[in-house]
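# Topology and contacts: notes
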Amino acid sequence: MNLRRELWATSAIVLLAALAGCSGLRSAPYKNAQLPVERRVDDLLSRMTQDEKLDMVSGAGWMESRANARLGIPDIRMADGPMGIRAWTGSSALTNSANAPLKISSTAFPAGIALAATWNPGLAALEGQAIAQEAKALGRDQMLGPTVNINRTPFWGRNFEGYGEDPYLAARMVVGYIRGMQGEGIIATVKHFAANNQEFKRRTVNVKADERTLQEIYVPAFKAAVQEAGAWSVMSAYNKVNGEWCPDNSHLLIDILKHDWGFKGYVVSDWLSTHSTPAPANGGLDLEMPGGPNIPTWIATAKNRPGGDQATDGGYFAREKLAAAIAAGQVKQDAIDDKVRRLLRVMFANGLFERKPHQANGPIDTPEQMAAARQVAVQSIVLLKNNANLLPLDAAKLKSIAVIGPNAAVARTGGGGSSAVRPRYAVTPLDAIRERAGAQIQVGLAVGVSMEGEEPAKDTPQARAALLAEAVDLARKSDVALLFVGDGPKIESEGFDRKSLDLPAGQDELIQAVAKVNRNTVVVLNAGSPVLMSKWLGQAPAIVNAWFPGQEGGHAIADILFGDANPSGKLPVTFLKAEKDSPAYGHYPGENSEVEYAEGIYVGYRHFDKHDIQPLFPFGFGLSYTKFAYSDLKVSPAKAGADQPVEVSLKLANSGQRAGAEVVQLYLHDVKSSLDRPVKELKAFERVELKPGEARTVTFKLDKSAFSYFDPAKKGWVAEPGAFEVQAGSSSRDIRLRGVFELTK
Ligand code: BGC
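Just so it is clear, the model here is predicted, and its values are computed rather than measured.

Here the focus is the overall build of the protein chain. Across its full length, the protein chain carries 21 helices and 25 strands. Compactness check: the protein chain gives a C-alpha radius of gyration of 27 Å against a globular reference of 27 Å for 745 residues, within 12% of the reference. Projected onto its principal axes, the C-alpha coordinates of the protein chain cover approximately 105 × 65 × 50 Å. Classification of the 745 residues of the protein chain by burial places 62% in the buried group. Expressed as a percentage of contacts within the protein chain between residues at least 6 apart in sequence, the contacts between residues at least 24 apart total 77%. Counting 84 positive and 82 negative side-chain charges, the protein chain places the centres of these two groups 2 Å from one another.

So, in structure tokens, the structure goes:
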């Protein structure tokens with residue numbers, strides 16, 4: 001054979017082999033969407049080379065996993081949540097800045113804490129679904145949310161993202177949210193696993209918490225997300241838990257999550273949070289993010305950011321590092337196969353192989369999505385105080401309204417950090433009040449005080465005095481003064497904790513001065529966490545908590561203030577009178593990068609109850625413009641075996657003049673127990689809408705999970721026989737009905 005013929009023959013053979021390979025792949029079982037997911041996973045895994053497997057377990061960039069052209073494996077395209085979709089081109093420092101390279105708009109939904117205040121898992125599903133629809137419209141596959149970390153301390157900068165202080169409430173909300181989101185085929189990521197409860201030294205802190213505390217307080221919402229809602233992804237946290245980094249923490253990731261709970265999806269690292277190769281590879285981490293060639297630049301940038309924690313690291317699941325660890329016998333092949341298997345499973349189950357090409361340019365901010373944002377915001381608003389029925393305002397009787405405060409003409413849609421989205425529009429309280437008040441009522445605006453840290457020129461004593469005088473003047477000559485105060489995204493944010501539990505500088509003084517000249521002063525708060533109020537509580541006849549309500553917040557606030565909607569939100573966190581009353585007081589933020597959760601399971605109202613501390617406003621509290629009467633509590637059976645459900649029913653009537661909704665709350669008190677237990681714990685609730693005069697029987701079923709505590713000695717849940725008291729009421733401190741049952745052996 002001469003050289004030319006030889007070359008031709010070789011090329012032909014190569015070409016034929018490639019064609020055969022391709023056509024072989026085209027009909028390969030993994031390409032067949034009709035086949036069961038596990039069959040497709042097995043097939044594809046068997047076709048992957050070792051390098052291809054290793055390439056799958058770290059990202060290709062900031063928010064994308066690695067695609068594989070030979071096998072037709074798509075990338076997984078992620079975006080931050082949890083209250084809308086943030087641009088995915090870089091960290092929030094970049095995407096939230098004015099010169100962001102990609103300006104993505106999406107609906108700004110109310111923050112997680114607001115969602116929790118609705119006590120309406122159906123609305124959580126609606127928000128999850130609406131966000132997922134927008135994710136699809138923008139061509140993303142996976143949302144990095146929801147956040148379910150418990151509000152341990154009111155100082156935490158990210159309290160606004162989560163669902164408050166109670167594990168049961170958080171569990172009910174996250175199940176709704178994830179079902180809504182994943183029902184649309186978008187992968188939800190429940191984060192940050194686990195015990196990620198402060199920003200101060202978040203990348204280095206070692207959380208010391210005992211097993212019972214973890215099991216009863218800090219992981220139940222994750223468990224419900226996995227077991228009840230089938231969450232496909234879990235994000236490990238930055239911090240250490242009991243000495244081990246969360247992405248390396250085999251107790252959390254393997255023993256609890258994958259073994260005990262049967263999690264079938266993948267664990268993704270928080271961004272730049274790995275510190276070595278073998279430990280996370282063996283500890284249960286499946287996908288390291290971000291990944292790819294830009295890691296050194298990202299690490300350097302993150303380290304230079306002011307206020308940022310310095311121990312940023314990553315890039316440990318790069319192919320050559322993993323290959324070396326395997327060659328050295330530090331990581332087993334099975335561990336790698338398991339990671340790839342999990343990633344492929346989730347991709348098949350969510351149709352990623354069939355979604356071609358990724359759709360984008362779909363509709364966002366649709367009328368339905370805007371309506372969902374408004375509905376959540378309306379139901380989230382908590383009426384804290386309403387002396388002499390100052391609210392709702394009677395528009396027919398008003399001639400003038402003073403709209404005052406740093407949050408009046410600015411829509412405080414959410415807090416700062418990776419959850420911040422750019423809505424196309426956002427309704428400010430001022431806009432909405434003008435719209436609702438109409439031409440007959442004069443609506444005046446005065447800033448009163450600028451938001452601390454936002455406009456340094458206005459933070460001087462002279463500038464403050466002038467703004468205050470203007471506000472007092474306006475308030476004095478108006479029929480009512482509506483004061484919009486609270487926090488903004490520079491006060492409550494990811495990346496740092498709050499400096500103080502007081503309102504930002506000058507706001508207490510503003511409230512005092514305005515309330516002095518106008519008896520009809522209504523304080524409306526934007527905050528994601530409790531604020532202290534003792535300096536003005538007695539002077540303010542009405543207080544409304546509007547959280548961070550998303551882009552429709554202004555409308556929702558006006559709906560409540562003018563009585564177009566009846567407030568029904570209830571606090572998902574205890575509001576405290578003083579910092580020293582906080583459960584974590586003395587054990588936050590820790591020392592030398594170590595924080596001890598010494599209060600144990602006594603977090604939130606469990607702490608206030610145990611130590612008999614009077615809260616400012618208790619967990620579960622919220623007023624309405626109508627009244628509700630509770631009666632006829634029935635508990636059956638009176639004696640039940642541990643595996644037998646106990647049914648609790650009661651009658652709820654709207655005994656006032658307006659239609660409204662009440663959240664009926666059911667707490668359990670274990671009368672006698674071998675282990676110390678909280679005075680009461682929330683075990684069921686239902687939001688019930690009633691017309692005036694209407695009554696309804698509300699029924700709850702309590703099962704073994706409601707009676708049980710975690711026994712560290714037995715390493716498991718125990719439903720101990722004995723008497724239980726059922727407490728039904730309108731808040732954790734407003735118990736209207738009591739009943740008992742006995743758990744038998
Ligand atoms: C945050 C995560 C977020 C990730 C990606 C991290 O700093 O803790 O919540 O999903 O960045 O933006």
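Next comes the rest of the description.
Mean pLDDT over the protein chain stands at 94; residues scoring 70 or higher make up 96%. The secondary structure element of the protein chain with the lowest average pLDDT is helix α1 (residues 3-26), at 51, and the one with the highest is strand β8 (residues 266-268), at 99. Contacts for the low-pLDDT stretch residues 9-21, under 50 throughout, to residues beyond four places or in other chains number zero contacts.

In the vicinity of the ligand, 14 residues are found, and the nearest of them are D80, R158, H192, Y238 and D270. In the environment of the ligand, an oxygen atom lies 2.8 Å from a nitrogen or oxygen atom belonging to the side chain of R158. For the ligand, an oxygen atom lies 2.7 Å from a polar atom in the side chain of Y238. About the coverage of the ligand: the protein hides 95% of its 310 Å² of free accessible area. Along the lines of polarity and charge, the residues of the shell around the ligand split into five nonpolar, two polar and seven charged.

Two numbers describe how helix α16 (residues 429-437) lies on helix α19 (residues 553-561): the axes approach to 7 Å, and their chain directions differ by 50 degrees. If you check the angle between α16 and α19, you find them oblique. Along this stretch, α16 crosses α19, giving a crossing that reads as right-handed. Residues P429, A432, I433 and E435 of α16 touch α19, and the partners they reach there are G554, H555, I557, A558 and L561.

Walk down a regular strand and you will see the side chains alternate between the two sheet faces. Counting buried residues in strand β18 (residues 646-654) gives seven out of nine residues, a clear majority hidden from the surface. As paired strands, strand β16 (residues 628-636) and β18 are joined by seven bridges and run antiparallel to one another. Of the residues in β18, the one forming a bridge with A629 is A653. One ladder, built from eight bridges, connects β18 with strand β21 (residues 695-702); its direction is antiparallel. Across the sheet, the residue bridging to L652 is R696, located in β21.

Another aspect to go through is the packing of helix α7 (residues 167-182) against helix α9 (residues 220-227). For the pair α7 and α9, the least separation of the axes is 8 Å and the interaxial angle reads 30 degrees. Taken as axis vectors, α7 and α9 run roughly parallel relative to one another. Handedness of the crossing formed by α7 with α9: right-handed. Residues P167, A170, A171, V174, V175 and I178 of α7 form the contact with α9, whose own contacting residues are P220, A221, A224 and A225. Of the residues in the contact of α7 with α9, the class split is ten nonpolar, no polar and no charged.

Before going further, it helps to spend a moment on the packing of aromatic side chains. In total, this model carries 19 aromatic pairs according to the counting rule given. Ring centres of Y605 and Y667 lie 5.9 Å apart, and the angle between their planes is 85 degrees; on these two criteria the pair is classed as edge-to-face. A residue pair is termed long-range when its members are at least 10 positions apart, and Y605 in helix α20 (residues 605-610) and Y667 in strand β19 (residues 660-670) qualify at 62 residues. Like Y605, the residue Y667 is buried in the burial classification. Among the aromatic residues, those joined into a cluster by ring pairs are W119, Y168, Y605, F619, Y667 and F685. Between the NZ or CZ atom of K240 and the centre of the ring of W245, over which it lies, the distance is 4.7 Å.

For an α-helix the count is 3.6 residues per turn, leaving residues at separations of three or four pointing the same way. Taking 1.5 Å per residue as the helical rise, helix α17 (residues 461-476) with its 16 residues ought to reach 22 Å, and the 22 Å between its terminal C-alpha atoms agrees with that figure. Where α17 is concerned, the buried positions are A463, L467, A471, V472, L474 and A475. The buried residues of α17 occupy an angular sector of 160 degrees when projected down its axis, which confines them to one face. Exposed residues pointing more than 90 degrees away from the buried face of α17 are listed as P461, Q462 and R476. The elements touched by buried residues of α17 are β10 (400-404), β11 (442-446), β12 (480-486) and α18 (507-517).

The strand order across the open sheet built from five strands is β17-β25-β24-β19-β20, with neighbouring strands paired in mixed fashion. At either end of the open sheet lies a strand with only one pairing partner, and these are β17 (639-641) and β20 (681-690). Going from strand to strand, the sheet's axes swing by 30 degrees on average, the running direction of each strand aside. Note that strand β24 (residues 722-731) and strand β25 (residues 734-744) share nine bridges and pair antiparallel.

We now examine the nonpolar core. Counting residues in each nonpolar core, the largest one holds 162 residues, and the members touching the most others are F193, W271, L344, I404 and M533. By residue number, the principal contributor to this core is α7, which donates nine residues. If near-sequence neighbours (up to four positions away) are discounted, F193 is found in contact with V219, F222, V234, M235, S236, A237, C246, L252, L253, L257 and W261. Counting residues in hydrophobic clusters, the runner-up holds 34 residues, among them A377, V443, L482 and F484.

What follows deals with the sheet that holds strand β4 (residues 206-208). Sheet strands line up and pair through hydrogen bonds in the backbone, either parallel or antiparallel. Judged by pairing direction, the sheet is mixed, and its four strands sit side by side in the order β7-β6-β4-β15 without closing on themselves. In this open sheet, the two edge strands, each paired with only one partner strand, are β7 (244-245) and β15 (594-596). In this sheet, β15 lies alongside β4 in parallel orientation, the contact comprising three bridges. What sits directly across from K208, in β15, is E596.

Okay, the side chain of R202 next. Its location among the elements puts R202 in the loop between β3 (187-193) and β4. Its relative accessible area of 8% is what places R202 among the buried residues. Within the structure, R202 has its side chain in polar contact with the side chain of E494 (distance 3.1 Å).

Residue placement: L675 occurs in the loop between β19 and β20. For the pair L675 and Y709, spaced 34 residues apart in sequence, the C-alpha to C-alpha distance is 8.4 Å. Setting aside anything within four residues of it in sequence, one finds L675 in contact with R212, Y709, F710, D711 and P712.

Let's shift gears to the pattern of salt bridges. Taken as a whole, this structure holds 50 salt bridges when the rule is applied. In this structure, R319 and D55 form a salt bridge, with 2.9 Å as the shortest nitrogen-oxygen distance. In this pair, R319 is assigned in helix α13 (residues 319-327) and D55 in helix α3 (residues 50-56), connecting sequence segments 264 residues apart. For R319, a relative accessible area of 34% translates into the label partly exposed. Between D581 and K580 there is a salt bridge whose closest N-O contact spans 3.3 Å. In this structure, a network of salt bridges that share partners links the residues R158, E161, E199, R202 and E494.

Thresholds, definitions, all that
Residues numbered from 1 in each chain as written. Predicted model: local features only at pLDDT ≥ 70, side-chain atom pairs only at ≥ 80, totals over all residues. Heavy atoms only, no water. Helix = DSSP H or I, 4+ residues; strand = E, 2+ residues; numbered from the N terminus. Rg over C-alpha atoms; globule rule 2.2 N^0.38 Å. Buried < 20%, exposed > 50% of the residue type's maximum accessible area, 1.4 Å probe, protein only. Contact = heavy atoms within 4.5 Å. Lys, Arg positive; Asp, Glu negative; His and termini not counted. Charge placed at Lys NZ, Arg CZ, Asp CG, Glu CD. pLDDT = per-residue confidence, 0-100. Near = heavy atom within 4 Å. Polar contact = N/O pair within 3.5 Å; in protein donor to acceptor, adjacent residues only side chain to side chain. Areas by Shrake-Rupley, 256 points an atom, 1.4 Å probe, with all protein chains shown as cover. Nonpolar A, V, L, I, M, F, W, Y, C, P; charged D, E, K, R; others polar. Axes fitted to C-alpha atoms, helices over the stretch in contact; angles between N-to-C directions. Parallel < 35°, antiparallel > 145°, perpendicular 65-115°, else oblique. Left-handed = near helix turned anticlockwise from the far one by under 90°. Pairing = 2+ DSSP bridges. Phe/Tyr/Trp six-rings, centres within 6.5 Å; stacked < 30°, edge-to-face > 60°. Lys NZ or Arg CZ within 6 Å of the ring centre and 35° of its normal. Expected span 1.5 Å × (residues − 1). Arc of directions from axis to C-beta. Core = buried A, V, L, I, M, F, W, Y, C linked by side-chain atoms within 4.5 Å. Salt bridge = Lys/Arg side-chain N within 4 Å of Asp/Glu carboxyl O.

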